[in-house]
Amino acid sequence: MAQHDTDPATILGQIRWPLRLTRLGMTAERGVRAFWPLWSVIIATLAVLMLGLQDLVSVEWVWGAGLVAAILGLWALVYGVRRFRLPPEEAALARLDNSLKGHPIQAALDRQAVGATDTASLAVWHAHQQRMRDRLAAARAVEPDLRVASSDPFALRYVALVALSVAILFGSLMRVQSVTTMGAGGPDLAQGPAWEGWMEPPSYTQLPSVYLNDITAPGLDVPEGAQITLRMYGEVGALSVTESVSGTADAETDPTETAQDFEVVQSGELAIDGQGGRVWQVAMIPDQAPEVARDGEIETTYEGESRIPFTATDDHGVVAGSARFTLALDEVDRRYGREIAPESRPALEVPLPMPVAGDRSDFSELLIENYSLHPWANLPVRLELQVEDDRGQTALSQVEVLDLPGRNFFDPVASALVEQRQALLWNRQNARDVAQIVRTILHRPDSLFRDEAQAETLRGILASLEEAVPDDLTDQQQADLAQALWDLALDLEEGDLDDARERMQRAQERLQEAMRNGASEDEIAELMQELREATDDYLRQLAREQQREREQNGDMAQQGDPQNMMEMSQNDLQRMMDRIQELMEQGRMAEAQEALEQLQRMMENMQITEGQGGQGQSPGEQAMEGLSETLREQQGLSDEAFRDLQEQFNPGQQGQQGQQGQQGQGQQQGQGQQPGQGQQPGQQPGQGQGQGQGQAENGQSLEESLADRQRALRDELSRQRRNLPGQGTAEGDEAAEALGRAEGAMDDAEQALRDGDLPGAISEQSEAMEALREGMRSLGEAMAQQQQQGGQGEQGMADGGNPGERRDPLGRNPGANGQTGTDEGLLQGEDVYRRARELLDEIRRRTGDAERPTAELEYLERLLERF
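This one's a predicted model, so the numbers in the text were calculated from it and none came from an experiment. (Residues numbered from 1 in each chain as written. Predicted model: local features only at pLDDT ≥ 70, side-chain atom pairs only at ≥ 80, totals over all residues. Heavy atoms only, no water.)

## Considering the sheet that holds strand 2 (residues 210-211)
Item 1. Strand order in the open sheet made by the four strands is 2-1-4-6, with antiparallel pairing throughout. In the strand order of this sheet, the two ends are held by strand 2 and strand 6 (259-263), each with one partner.
Item 2. Where strand 1 (residues 194-200) lies against strand 4 (residues 227-233), seven bridges are found, and the strand directions are antiparallel. Residue pairing in the sheet places Trp 198 in a bridge with Thr 229 of strand 4. (Pairing = 2+ DSSP bridges. Helix = DSSP H or I, 4+ residues; strand = E, 2+ residues; numbered from the N terminus.)

## Focus: the pattern of salt bridges
Item 1. Evaluation of the coordinates by the stated rule reveals 31 salt bridges.
Item 2. Between Asp 715 and Arg 714 there is a salt bridge, with the nearest N and O atoms lying 3.3 Å from each other.
Item 3. Since its relative accessible area comes to 14%, Arg 714 is described here as buried.
Item 4. Residue Arg 721 is joined to Glu 743 by a salt bridge in which the shortest nitrogen-to-oxygen separation is 3.0 Å. With a gap of 22 residues between them, Arg 721 in helix 22 (residues 702-722) and Glu 743 in helix 23 (residues 730-754) connect regions that are remote in the sequence.
Item 5. Its relative accessible area of 16% is what places Glu 743 among the buried residues.
Item 6. Three or more residues joined by partner-sharing salt bridges are found here, namely Asp 708, Arg 711, Arg 714, Asp 715, Asp 747, Glu 750 and Arg 754. (Salt bridge = Lys/Arg side-chain N within 4 Å of Asp/Glu carboxyl O. Buried < 20%, exposed > 50% of the residue type's maximum accessible area, 1.4 Å probe, protein only.)

## Some points on the sheet that holds strand 7 (residues 268-273)
Item 1. Taken together, the four strands give an open sheet; going across it, the order is 3-8-7-5, and neighbouring strands pair in mixed fashion. Each having just a single partner strand, strand 3 (219-223) and strand 5 (240-243) make up the two edges of the open sheet. Along the sheet, successive strands turn relative to each other by an average axial angle of 25°, direction set aside.
Item 2. Two elements, strand 7 and strand 8 (residues 278-285), share five bridges in a ladder whose sense is antiparallel. Looking at strand 8, one finds that Glu 269 is bridged to Gln 281. (Axes fitted to C-alpha atoms, helices over the stretch in contact; angles between N-to-C directions.)

## So, unusual backbone geometry
Item 1. For His 103, which is not a glycine, the phi torsion comes out positive at approximately 50°.
Item 2. Take His 103: it is sitting in the loop between helix 5 (89-98) and helix 6 (104-109).

## A short note on the pairing of strand 15 (residues 380-389)
Item 1. In the sheet, strand 12 (residues 318-327) pairs with strand 15 via nine bridges, with the strands oriented antiparallel. Each residue of the ladder has a partner; that of Ala 320, found in strand 15, is Glu 388.
Item 2. Note that strand 15 and strand 16 (residues 394-396) share three bridges and pair antiparallel. Opposite Gln 386, over in strand 16, you have Leu 396 as the bridge partner.
Item 3. Hairpin connection from strand 15 to strand 16: four residues lie between these consecutive antiparallel strands, with Gly 392 at a positive phi of about 95°.

Next up, the structure:
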């Protein structure tokens, strides 16, 4: 029984296939280690032949390379045969046994040497062998070790494999047979001369190159500007080229030249004369010139910013464009200060905006600029648009005569000063007449100026003007006086808060009178528009007055952002005015009258929110202010990166615009720009051009400068994030997480700037700004939550403060959550219950009116169910 249990045939039968596969793997392992030099030589030789290198050298080099390859192959074969040995079955059995726990194969084959006659010992021995045989069922073939790094320390086998990969991608097995001729240039050259040719289209067409040897058709379509390259092999003169597509005379080229390159500029014939030659009728696909045209109405904002729409098309895309304004002197009203000839001024040229991404073959864009400060503002000019494609072809739009868009002034004195400013810029010889008119305005200034300071300013301008008249004005004096007149006109036009309130109240009274007298729909619509404009002007003046008060008092501890409060109030008022107009259009004049009276009461309660004197900024306010400044600086960086990108597409255009519009660019703050806007991070006012010049002098590229400033801004945001208030709350954590995303986007933008990837940098900067805005919103919610929980938060009033100081611009106390609106009752006193009953009765009455819209009836029913 014991002998049967240890029968080798029985035991090995259980592991027959794992043993065979293990032995086969050992055979492959020894073969790879022995013959890797042989297959490396074979693969390298095949790669060389597939790439056709034998066709590029002389026959001697081919024979020499073949002899070297044969010697290497023979040595590799001998090396492999001497090292290769088939693995014996015992070696495979040992490897398989070593892979199993406890060496069960050897244990199953063993025989008991001691205690074979002892019953107890024999029982233990049989149990042991049975356990070992059970383990044989888990036997699996051992994987071979095919690594030969120890035998090939220089990785020569990988060099051969890389060469074969390149040959598979760029070569062909068909070229291997050319080695049979052992000649330079392949079998054709062994029989005679050979040639090769390529047609390479212009890069902007995005068309692939064409190998002319593969073109057997008699016709060939070629884009204009394509480059033809021909190479002739063999005896010089055996092949010649004749062509009529380059437009050059035959005398200028030698048709037997072995290397010829020319550009396709017209349709014609291309022929290779000689053995194996070919003839093509080339049909040139012309590159169409671009087209550009004005499209749509020109819009001008209250501040004078114009939007000029245009369209441009090209078969392969427009690369650059410009708008050129020239004075239409024959269209100008030559009266008063324009009777004399104008001073010579260069044409006003500005680059046309191009799409940063997307197709430029057919697009529409807006040229957005403010020309209010230009001497030709609101005068007739001729506008001509020009675009250019990659081939250098240009196109001009139809010349259009229009008034150069600019800001309009409605205050009589402001309009007169702007007119005199334009006369002074028209020709400095008008200075004497301008001084006389200004003196006339100052004759009785009390009725013309709201503030004595405005009259004093005009007297100073008059003194400077009269002082410079005898000696003739210099360019600098002319520019300074023009700027002073502009600033004063802006002050007069925008007026003060009392004037704006008076205009708004007058517009309300006129609308009420028209409603009472049954005016026509057109008259009411015109008066409603007048009320909208007057209300907008009043809100603008309210915001400016608040900003001025805050700057004079040095008190920045305001509840929230005053400008945002103005915008929210304006949105509320606009919705109310839309409702009034809707009621009037529906003929519900009584309800419209009531809504208008409610609007008047709200406007009467409008007030400037004052901060508490002597109370410094809280940490939350400081954080909000710092993040707001960071957002403005990030916007400035993004604008500069966009201008740099435009400069790359429109080289030289930005510099020309800067020279022609230098005066206007230096005076943007006079058009309502807030202090600090448009400045670079860490830059003081007035340092913009100086800094850019310094960078140019130091040899530092604009991208590197922007990247350095982006890094500084990211570091500043990191500091702000570490000191962020409201940590530990859900809103504070959301703010920190959003600012972390902004910091990461800034880091990516810096890297993109250093890599010269301006579109990528602009995209990352946009993400950073969006994350900054989200972080500021979350921070505001966290501050409001702290204020609600603590009774009075960091932005709250000191004990004993005046509650009226925390009212919003409509005179309402803010709600407990810090948002716009109020939690207080709109009615107080004894009439509150009577008013509630009246409202409930009115709701019931309207619910019973079946002619009302379904949506309104459903809303009224929900109100009744609630109350």
